[in-house]
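Okay, here's what each chain looks like letter by letter:
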Amino acid sequence: MLNARGDRRAFIQWLVTLHPQLPADAPISAFLDHVLAHTPSACALLDTQERILCVNPAFAALTGRPAPAHVGEPLRDALPPGATPYVHAALQAARGEQPPPPPSPDGLHYRAFTVAGPDGQPAGSALLIDVDPGQDAARAQHLQRITGALARAFTSSDLIRTVLEQAVQATGAFRGTLIKSVEGDTLYLIGSTGYDEGFDDRWRQFNVNPAYPITHAVLTREAVFGTRALLQRDFPDVMPMLDARTQALVILPLLAGERLLGALTLSFDHEDAVLPARQAFARTLADACASALERARLYDAERAAGARAALLAEVSGALAASLEVRPTIERIATLATAHLADWAAVFLPDETGRMQAAVVAHDDPRQIELLRWLVARFPSDPAQYGSSAWVQRTGEPILLPAVPPGLVDGIEDPARRDAVRRMGLHSLILVPLTTQGRHLGVLGLATTHPERTYGPDDLALARELAQRAAMALDNASLFEASQRREARYRSLIDATRQTVWTTDDHGDLRGEQPGWTRLTGQAPHEHAHGGWIDHVHPDDRARTFAAWQDAVQQRHVYEVDHRLRVADGTYRHFHVRAVPVHTAFGDPPEWVGVHTDVTDRVRAEAALRDLNADLEARVQARTRDVLRLEERLATIIGHLPISLFALDDEGRFTLAEGHGALTGADAVGHSAFERYAPFPDLLGDVRCALAGEAVHAQRTLGERVLDTWYVPQHDETGRVSGVLGLRVDVTQRARVEAELARSNAELSRFAFVAAHDLQEPLRTIISFTELLERKHAADLSAGARRYLSFIVGGARRMKTLVDDLLAYSRVSADPPHLRPVPLSAAVTHALDALDAALHATAARVHVDALPDVLGDEGQLAQVFQNLIGNAVKFRRDGTSPEVRIHADRTGEMWHVRVHDNGIGMDPAYLERIFVMFQRLHAKSQYEGTGLGLAICQKIIEAHGGRIWADSAPGQGSTFHFTLRDARAPAPDAQPGPASSGGVV
């Protein structure tokens with residue numbers, strides 16, 4: 001055990017001085033083993049560097065570590081920091097440098113001896129630590145008192161409180177906790193003393209974290225004695241959690257053999273708590289507490305076994321007392337929360353198989369609503385292990401002794417995760433309600449505190465409880481089903497108006513017949529001995545009685561229809577059927593009969609016969625009307641230039657009526673492809689129609705112009721089964737339209753020329769009248785000058801009217817040249833033209849982002865100029881005009897809005913404002929010719945769009961118009977006489 005022979009000899013000589021009875025030449029190992037083993041003092045032999053060479057069992061007991069673990073260890077690391085000053089003082093006293101130190105606060109005496117070698121030089125030293133007998137006796141008294149207090153506590157809850165109170169008082173700690181480890185990865189706070197009210201809630205459950213000293217003590221099963229300095233060195237992550245008062249921390253694993261029951265933590269406001277003697281006392285205290293906790297655990301287990309047996313007996317009695325489903329499952333949940341759980345729920349599948357919380361039991365109604373909301377919002381997934389739907393599908397139970405915090409933290413949906421946290425689940429059991437191989441539902445049990453941690457015994461109890469509950473639930477379901485069947489049977493009897501009666505073997509109604517009495521009002525003495533026949537209608541009695549007598553004699557089924565007087569004195573129609581009920585010997589001891597009220601059916605049949613007769617008469621009358629209509633239609637077709645025809649799916653004529661060589665009566669049976677062979681365009685129309693496309697085409701065949709409509713017909717599968725056609729000879733109309741178009745063109749040219757030619761005389765009148773006024777104004781009277789002003793004003797208005805007429809005629813005469821143009825460019829041109837008016841009135845025009853449209857830029861600029869100009873003209877007094885231009889996409893069209901804040905107008909005039917020369921105000925109020933909006937309408941309609949307005953007096957106006965998108969196809973040309981091949 002010693003390093004050098006010189007050291008061994010020096011220690012032999014020193015030991016002989018302590019024990020003269022030992023021979024000096026004995027083997028050194030035997031000397032050391034004997035002396036160290038039998039020395040009651042804690043002894044450590046040190047080299048010159050104060051490293052431990054060996055220790056005796058008393059020293060190992062003081063430090064709580066095995067003796068071999070100390071060999072080679074510096075002495076300062078073997079003892080807690082609080083002992084370091086006393087050790088150094090003892091070593092210095094051995095060298096004669098100072099007096100011996102006093103006892104330490106924990107009652108230990110430190111002595112040291114210097115050992116010299118053969119050469120007289122120091123070879124090492126020995127440290128002896130003795131326990132003060134008085135301190136040792138005090139600790140023994142503490143342990144005796146603690147043991148007595150622990151012995152008086154039986155249940156775990158009582159013992160937890162006793163352990164904390166006694167441990168804190170005996171060790172001088174100012175606070176303490178008791179921690180329980182469940183499943184090795186979760187720690188629970190099951191008791192505390194000396195902390196604030198919210199401490200238990202904050203630390204009720206936390207994960208095993210190796211950075212914490214409590215985790216180290218639980219995993220290694222070794223006590224932790226740490227001052228702030230040691231904790232900073234070994235467990236820096238725990239330092240922010242310590243308050244300034246805590247100067248030392250002691251954590252003691254509580255072990256009962258190999259079973260870890262938990263850990264006791266003690267906080268001290270001084271470092272003396274980690275001194276060696278106090279460490280030894282703390283370990284002894286921990287052993288006593290662990291023994292008491294194990295005893296309480298066994299006691300609780302025994303009580304729980306008895307409670308489980310009592311619970312099963314109570315459950316069996318309670319379940320047998322009810323045959324209704326709802327009370328049965330409510331009783332299950334109530335008993336479970338009273339004896340086994342904080343939470344209890346019975347989950348049953350609905351008609352879709354989705355699990356529903358049929359019954360939930362908890363002390364807090366808000367928690368019950370929380371679980372119901374959770375189940376309704378987040379349906380249980382049958383594929384997810386541990387869900388109620390998974391248990392229902394597989395029939396396998398689930399036991400979670402401790403719900404891991406990570407399992408809850410891993411829930412993705414924040415609302416679902418928060419709800420589960422608020423439920424505060426600690427232990428969880430899910431077991432199927434199984435009977436006769438069928439899974440009826442799932443029983444869920446849960447606790448919210450570590451004092452109730454489920455284990456295999458609880459799972460076995462839950463399964464037994466679920467089995468009995470399933471049997472009771474199955475019986476209740478069967479009972480309810482039978483009740484429903486009986487109710488349905490009764491309802492069926494009532495709904496079908498049936499009355500059941502019985503007779504003896506001679507066919508006599510005897511005894512109580514409640515159905516017959518309710519039906520007829522006859523008492524038993526009245527219907528007996530054939531008295532029932534009196535309520536049969538006189539006209540039906542003989543037939544009814546004869547049929548009944550024959551059935552009784554021949555023993556065959558009795559069946560008849562007759563009228564019967566019922567309790568209210570009226571006669572109703574009944575269908576009667578009775579059968580003999582035979583015994584095992586073949587004798588019919590009785591008959592069972594049923595009277596079925598068929599009055600409504602008889603009346604309905606009579607009404608149906610009347611209705612059929614009426615319908616037949618109406619059909620005949622309608623047939624005559626149709627024939628007359630066909631005659632009239634044939635007459636009309638014969639005198640009008642139209643023809644009707646029909647084709648089958650192969651293009652053969654099946655109908656041809658009316659005028660026309662192409663579809664004469666002789667066309668029936670012939671193929672349209674043969675008859676129309678000279679006319680390719682017609683063949684194309686027929687092919688399109690037979691392909692399912694509705695076609696309207698105008699064709700010019702020689703000098704004739706024909707309008708034809710083809711309408712495909714479809715069968716029930718959607719396949720084209722034929723075509724209906726209508727052809728109208730519009731030759732005369734086409735000629736008139738062509739003549740009208742030519743006339744309109746000439747009128748337009750005339751209006752253009754007339755308006756253009758009127759410009760020169762008007763300019764002459766205005767110019768010379770103004771010249772006359774300037775040069776001869778002094779020679780003219782006031783009246784003459786006023787007349788001249790009238791002439792000039794009228795001429796100017798005439799010029800404005802002529803200009804507007806000229807613009808209108810240009811729009812009519814020149815169709816727009818449609819091409820993609822940016823609408824913003826048209827707005828810019830309009831604003832440039834109105835620049836002076838806009839500045840004069842301080843008008844503001846807001847133009848949003850505008851699209852590219854298919855249009856004529858010049859004409860569109862005219863539209864914006866007229867609309868913005870109207871907004872400036874019709875402004876409100878004292879308000880600057882404000883205009884906003886905006887566009888929205890609608891399919892292939894753009895919906896443009898021009899909104900102003902002007903005077904507005906009555907909605908009744910919104911259609912009138914687009915008519916030529918229509919004005920809503922006097923000329924003296926607002927200038928104008930009444931052509932501006934008519935020009936806008938003409939331009940927009942020529943672009944394939946439409947224009948309209950919304951307005952209200954005093955609220956401004958919004959003008960709407962639509963234009964095609966720049967990428968949309970151009971609008972079709974206006975219909976007119978088409979050449980061969982034109983399609984309208």
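Each remark here, short or long, concerns the structure printed above.
Notes on the structure follow. (Residues numbered from 1 in each chain as written. Predicted model: local features only at pLDDT ≥ 70, side-chain atom pairs only at ≥ 80, totals over all residues. Heavy atoms only, no water.)

A short note on the sheet that holds strand S31 (residues 957-964)
As a reminder, the rule being used: We treat two strands as partners when DSSP finds at least two bridges between them. Put simply, DSSP H or I for four residues or longer makes a helix, DSSP E for two residues or longer makes a strand, and each gets a number counted from the N terminus. Between the N-to-C directions of two axes lies an angle of 0 to 180 degrees, each axis being a line fitted to C-alpha atoms and, for a helix, fitted only over the stretch in contact.
The five strands are arranged S26-S28-S29-S31-S30 in an open sheet whose pairing can be described as mixed. Edge strands, defined here as strands with exactly one partner in the open sheet, are strand S26 (844-847) and strand S30 (947-951). The sheet shows a mean angle of 20° between the axes of neighbouring strands, direction not considered. Both S26 and strand S28 (residues 882-890) contribute to a ladder of four bridges, which runs parallel.

Overview of the pairing of S30
Basically, it comes down to this: Relative accessible area decides the class of each residue, using a 1.4 Å probe on protein chains only: under 20% of the type maximum gives buried, over 50% gives exposed, and in between gives partly exposed.
Of the two faces of S30, only the one carrying Ile947, Ala949 and Ser951 is buried; Trp948 and Asp950 on the other face are not. In this antiparallel pair of consecutive strands, S30 and S31, the connection spans five residues, and glycine 954 shows a positive phi of 80°.

Here we look at the sheet that holds strand S14 (residues 427-435)
Applied cut-off: Here, two residues are considered to be in contact whenever any of their heavy atoms come within 4.5 Å of each other.
Here we have five strands laid out as an open sheet, ordered S12-S11-S15-S14-S13, and antiparallel in their pairing. Each edge of the open sheet is held by one strand with a lone partner, namely strand S12 (355-361) and strand S13 (398-400). Across the sheet, the mean angle separating the axes of adjacent strands is 20° when strand polarity is ignored. Direction of pairing for S13 relative to S14: antiparallel, over a ladder of three bridges. Considered in S14, the bridge of isoleucine 398 is made with leucine 430. Sheet strands touched by helix H13 (residues 365-377): strand S11 (343-349) and S12. Its angle to S12, the strand with the most contacts, is close to 175°.

A look at the packing of aromatic side chains
Test applied: Geometry of aromatic contacts follows a simple scheme: Phe, Tyr and Trp rings, the Trp one being its six-membered ring, pair when their centres are within 6.5 Å, and the pair is stacked under 30 degrees between planes, edge-to-face over 60, tilted otherwise. Throughout this description, the term charge over a ring refers to an Arg CZ or Lys NZ atom that lies within 6 Å of the ring centre and within 35 degrees of the ring normal.
Applying the stated criterion to the full structure yields ten aromatic pairs. When the ring of tryptophan 548 is compared with that of tryptophan 591, the centres are 5.4 Å apart and the planes differ by 70°; the resulting orientation is edge-to-face. Of the two residues, tryptophan 548 is situated in helix H20 (residues 538-554) and tryptophan 591 in strand S19 (residues 590-597); the sequence distance between them amounts to 43 residues. In this pair, the class of tryptophan 548 matches that of tryptophan 591, namely buried. For arginine 175, the ring lying beneath its charged end belongs to tyrosine 195, and the centroid distance is 4.6 Å. Stacked on the ring of phenylalanine 174, the Lys or Arg arginine 245 has its end atom at 4.0 Å from the ring centre.

Side note on the pattern of salt bridges
This is how it is decided: Every case where a carboxyl oxygen of Asp or Glu lies within 4 Å of a side-chain nitrogen of Lys or Arg is listed as a salt bridge.
Tallied over the entire structure, the rule returns 31 salt bridges. When the shortest N-O distance is used, the salt bridge between arginine 844 and glutamate 882 registers 2.9 Å. Here the residue arginine 844 occupies a position in strand S26, and glutamate 882 occupies one in strand S28, the gap between them amounting to 38 residues. Linked through salt bridges whose partners overlap, the residues forming this network are Asp539, Asp540, Arg543 and Arg563.

What about helix H7 (residues 156-171)?
Let me state the cut-off plainly: In this scheme, a helix's expected span is set at 1.5 Å multiplied by one less than its residue total.
Given a rise of 1.5 Å per residue, 16 residues ought to cover 22 Å, and the 22 Å separating the end C-alpha atoms of H7 matches this to within 8%. Among the residues making up H7, those that are buried are Leu159, Ile160, Thr162, Val163, Leu164, Gln166, Ala167, Val168, Ala170 and Thr171. Glycine 172 sits one or two positions beyond H7 and adopts a positive phi of about 80°.

Concerning the pairing of strand S29 (residues 893-900)
Across the eight residues of S29, six count as buried, placing the element largely inside the fold. In this sheet, S29 lies alongside S28 in antiparallel orientation, the contact comprising eight bridges. Paired with threonine 890 across the two strands is methionine 893, which belongs to S29. In this structure, S29 lies alongside S31, joined through seven bridges in antiparallel fashion. When the bridges of S31 are listed, methionine 893 appears paired with arginine 964.

Describing the packing of H13 against helix H16 (residues 414-423)
Heads up, the condition is: By convention, the crossing between two helices is left-handed when the near helix turns anticlockwise from the far helix through less than a right angle, and right-handed when the turn is clockwise.
Close contact between H13 and H16 brings their axes to 10 Å; oriented N to C, the two are set at 150°. In terms of crossing hand, the pair formed by H13 and H16 is left-handed. Residue-level inspection shows Gln367, Leu370, Leu371, Trp373 and Leu374 of H13 in contact with H16, the latter providing Ala415, Arg416, Ala419, Val420, Arg422 and Met423.

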